[in-house]
Amino acid sequence: MSYRILIAAGGTGGHVFPALALGEEIRERWNDAEILFVGTKRGLEQRVIPAAGFRLKTITMRGLIRSWAFLDVVGNLILPLIVFFGMMESLWVLMSFRPRAVIGCGGYVTGPIVLLGKLFGKKTLIQEQNSRPGRTSLLLQSWADQIHVTYDDAVSFFRASEKILVSGNPLRKGLSRMDKRKACECFGLNPDKNTLLVIGGSLGARAMNEALVEFAGELNDLEILWQTGKNNFEAIESKMKNCAHIKVLPFIENMTAAYSCADLVFCRAGAMTLSEITRMGLPSILAPYPYAADNHQEYNARSLVSRGAGVMLK
C-alpha cells in the first residue's frame, strides 16, 4: 500500500517552496508515495507546483482584509461564506484522496485542511518558516501532532512545546555553491571584484530600490547584481544604463549562480531568503518589510543578527 500525503500551502514563495521541497524529498525517499498539494488559484502554487510534476487541487480560501475601503469591507462581510465554501471543498479533497498524513506549510489554505485532517483521524504536521509564527500555525497548534519550526526563537510562541521540533527550513535540491568565475559568467560580472547581490523579492522592494539608486553609481569598487522586480525594472535600468559595474534584472531565475557570485547580500528578511543565504554562507544587510503580518520579517532578521550573520536596517 502506497503512502498518500496531502500537503497544503498557499500564497507566497515562503510557504510554497518549503512545501515543494518536502514533496520532492518524500518522492525521492518513497517513489511509490502519492502526493497531492492543495492551494488556491491566486497564489504562486498555481504555477510552480504543476511545473514540478505534482498534482494540485485548489480551494477557495482567504483571510480578513485589513482595510476600510468599501469593497474590502464588503469582502470581509462575505468572508464567512467563503470560509464555509472552502471547508466544503477541503472536505471533498480529504474524502476523495484519503491521505495517511496531512502537512500544512502555511497560508490560509492550511487551516481547513489540517483541521479536517485531524478530525478524520489523520496524522497532522505543521511546518513554520518564520521566527514569529503565522497566525494560522498558532491557531492550528492544538490540532497538529508535530510542529516543525525553522528557528528556536519560534518555540516560545507555542503553548504545546512537547510537539515542537527545531528542524530548519526545507530547501529545494540543487542549492550549493558553484565556482565564482563560472557563476559570474552567467551575468557578465567581473569575478575579480567583490559582488553585492540585491534581492527585494520577486516583485521587488521599492524602498530598497529607491535607496540604492541614490548611491549605487558611486560604488565603482563593487560589482552589483540587482534584482529590481518587474514593476521597477525599466525605471532603474534607465537610471543605471551608464554604470558598467551594475547588472540590472527584473527577476533572477538562476539563484544558485547569483548566490555563488555574491560576497554580500542586501535583501528583505523573508524566511526562504534567509534560509537560502544561510545555506550559502553569505553575510547580509537585512531590510525587513515593515508591513509584513505581525512584523515577522523583523523577527526573522533578529535571528541572524543575534548570531553575527548580518546587520539590520529598519
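Residues numbered from 1 in each chain as written. Predicted model: local features only at pLDDT ≥ 70, side-chain atom pairs only at ≥ 80, totals over all residues. Heavy atoms only, no water.

Chemist: What is the right way to look at the pattern of salt bridges in this model?
Modeler: A side chain with one charge may pair with a side chain of the opposite charge, provided their charged atoms come close. Considering all chains together, one arrives at 14 salt bridges under this definition. Among the ionic pairs, E25 bridges to R29, the shortest N-O distance being 2.8 Å. Linking E25 with R29, this pair stays in helix α1 (residues 13–29), spanning 4 residues, or about one helical turn. Given the relative accessible area of 26%, E25 is considered partly exposed. Across the pair K193 and E223 runs a salt bridge, and its minimum N-O distance is 3.8 Å. You can see K193 sitting in the loop between α7 (180–185) and β8 (194–199) and its partner E223 sitting in strand β9 (residues 222–227), a full 30 residues away along the chain. Residue class for K193 comes out partly exposed when judged on its relative accessible area of 23%. Salt bridges sharing common partners tie together E25, E28, R29 and K173. (Salt bridge = Lys/Arg side-chain N within 4 Å of Asp/Glu carboxyl O. Helix = DSSP H or I, 4+ residues; strand = E, 2+ residues; numbered from the N terminus. Buried < 20%, exposed > 50% of the residue type's maximum accessible area, 1.4 Å probe, protein only.)

Chemist: Looking at this structure, I do not really get the nonpolar core. What am I missing?
Modeler: The nonpolar side chains of soluble globular proteins are, as a tendency, buried together. If you look at the biggest cluster of nonpolar residues, it comprises 27 residues, and the most contacted ones within it are F187, L197, L225, I252, Y259, V265 and I277. Taken together, the elements giving at least two residues each to this core come down to α7, β8, α10 (255–261), β11 (264–267), α11 (271–279) and α12 (296–305). Take this core: its biggest share by element is 5 residues, from α10. When near neighbours in sequence (up to four residues on either side) are disregarded, Y259 contacts L175, R177, L197, I199, T273, E276, I277, M280 and L282. Residues V38, L116, A154 and F158 belong to the second largest nonpolar core, which totals 22 residues. (Core = buried A, V, L, I, M, F, W, Y, C linked by side-chain atoms within 4.5 Å. Contact = heavy atoms within 4.5 Å.)

Chemist: How do you make sense of the side chain of N169 when you look at a structure like this?
Modeler: Topologically, N169 is positioned in the loop between β7 (164–166) and α7. Note on N169: relative accessible area 11%, which makes it buried. Each residue touching N169, except ones within four places of it in the same chain, is listed here: P18, Q127, Q129, T150, A271, M272 and S275.

Chemist: Explanation requested: the packing of aromatic side chains in the structure shown.
Modeler: Two numbers describe a pair of aromatic rings. These are the distance of the centres and the angle of the planes. Tallying each qualifying case throughout the model produces 4 aromatic pairs. On the basis of an interplanar angle of 55 degrees and a centroid distance of 6.2 Å, the ring pair of Y3 and W30 is categorised as tilted. Taken together, the positions of Y3 in the segment before β1 (4–8) and W30 in the loop between α1 and β2 (34–39) put the pair 27 residues apart, joining distant regions of the chain. Among the residues examined, W30 registers a relative accessible area of 42% and is labelled partly exposed. For the ring pair Y289 and Y291, a centre distance of 5.7 Å and an interplane angle of 75 degrees mean the geometry is edge-to-face. The cationic tip of R4 hangs over the ring face of F97; the distance from NZ or CZ to the ring centre is 5.7 Å. (Phe/Tyr/Trp six-rings, centres within 6.5 Å; stacked < 30°, edge-to-face > 60°. Lys NZ or Arg CZ within 6 Å of the ring centre and 35° of its normal.)

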